[in-house]
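Summary of the model geometry
Next come the chains, spelled out residue by residue.
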Amino acid sequence: MYLHAGQDFIVNTRDIIGVFDLETSTDAGQKAKLTDEFFRRAQNEGAVVDISGAMPKSFILTDFSGETVYISQLSTAALKRRAERLEV
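The structure contained in this document is the topic of the report that follows. (Residues numbered from 1 in each chain as written. Predicted model: local features only at pLDDT ≥ 70, side-chain atom pairs only at ≥ 80, totals over all residues. Heavy atoms only, no water.)

Brief notes about the overall build of the protein chain
Each helix and strand in the protein chain was counted, giving 3 helices and 6 strands. Its helices and strands taken in sequence order, the protein chain reads β-β-β-α-α-β-β-β-α from the N to the C terminus. If you take every contact in the protein chain between residues at least 6 apart in sequence, the share linking residues at least 24 apart comes to 48%. A total accessible area of about 5700 Å² is found for the protein chain, and carbon and sulfur atoms account for 52% of it. (Helix = DSSP H or I, 4+ residues; strand = E, 2+ residues; numbered from the N terminus. Contact = heavy atoms within 4.5 Å. Areas by Shrake-Rupley, 256 points an atom, 1.4 Å probe, with all protein chains shown as cover.)

Here it is, written out as structure tokens:
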């Protein structure tokens, strides 16, 4: 199945490792430090794809082509609802 991730972009659900909220994963603390380090490494490897076109709200980690991070303008709740509709 395919998940519409925003901006006319779809992701194969088999490739999705996780969907994460940008605000809560980048708040102060150890979690933010680890997320920043992860994004820096992914950016250096050319594995970050910005499909948000606007204010980003979440990121989708996939195992497509190694590891690819898609930054989306959709909230994690919206992506979850879309994924749940696929299971019906």
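And the narrative resumes.
Points about the pairing of strand S2 (residues 9–12)
Pairing of strand S1 (residues 2–6) with S2 involves 4 bridges; the strand directions are antiparallel. In the sheet register, Gly6 faces S2, and the bridge partner there is Phe9. Here S1 folds back onto S2, and the loop between the two strands holds 2 residues, one of which, Gln7, carries a positive phi near 50 degrees. (Pairing = 2+ DSSP bridges.)

Notes on helix H2 (residues 30–44)
The periodicity of an α-helix, 3.6 residues per turn, causes residues three or four positions apart to be oriented the same way. Compared with an ideal rise of 1.5 Å per residue, which puts 15 residues at 21 Å, H2 spans 21 Å between its outermost C-alpha atoms and is within 8% of the ideal. Those residues of H2 that fall on the buried side of the exposure criterion are Ala32, Thr35, Phe38, Phe39 and Ala42. All buried residues of H2 lie within an arc of 125 degrees about the axis, which places them on one face of the element. In H2, those exposed residues whose orientation departs by more than 90 degrees from the buried face are Gln30, Lys33, Arg40 and Asn44. Residues of H2 that are buried sit in contact with helix H1 (22–25), strand S4 (48–50), strand S5 (58–62) and strand S6 (68–72). (Expected span 1.5 Å × (residues − 1). Buried < 20%, exposed > 50% of the residue type's maximum accessible area, 1.4 Å probe, protein only. Arc of directions from axis to C-beta.)

Section: the sheet that holds S4
Spatial strand order, S3-S5-S6-S4: 4 strands in an open sheet with mixed pairing. Looking at which strands have only one partner, the edges of the open sheet turn out to be strand S3 (16–21) and S4. Recorded for the sheet is a direction-independent mean angle of 20 degrees between the axes of neighbouring strands. Pairing analysis gives 5 bridges linking S3 to S5, with the strands arranged antiparallel. The partner of Gly18 across the bridge, within S5, is Leu61. Strand contacts of helix H3 (residues 76–87): S3 and S5, with the helix running at about 145 degrees to S3, the strand carrying the most contacts. (Axes fitted to C-alpha atoms, helices over the stretch in contact; angles between N-to-C directions.)

Keep in mind these values describe shape, not function.
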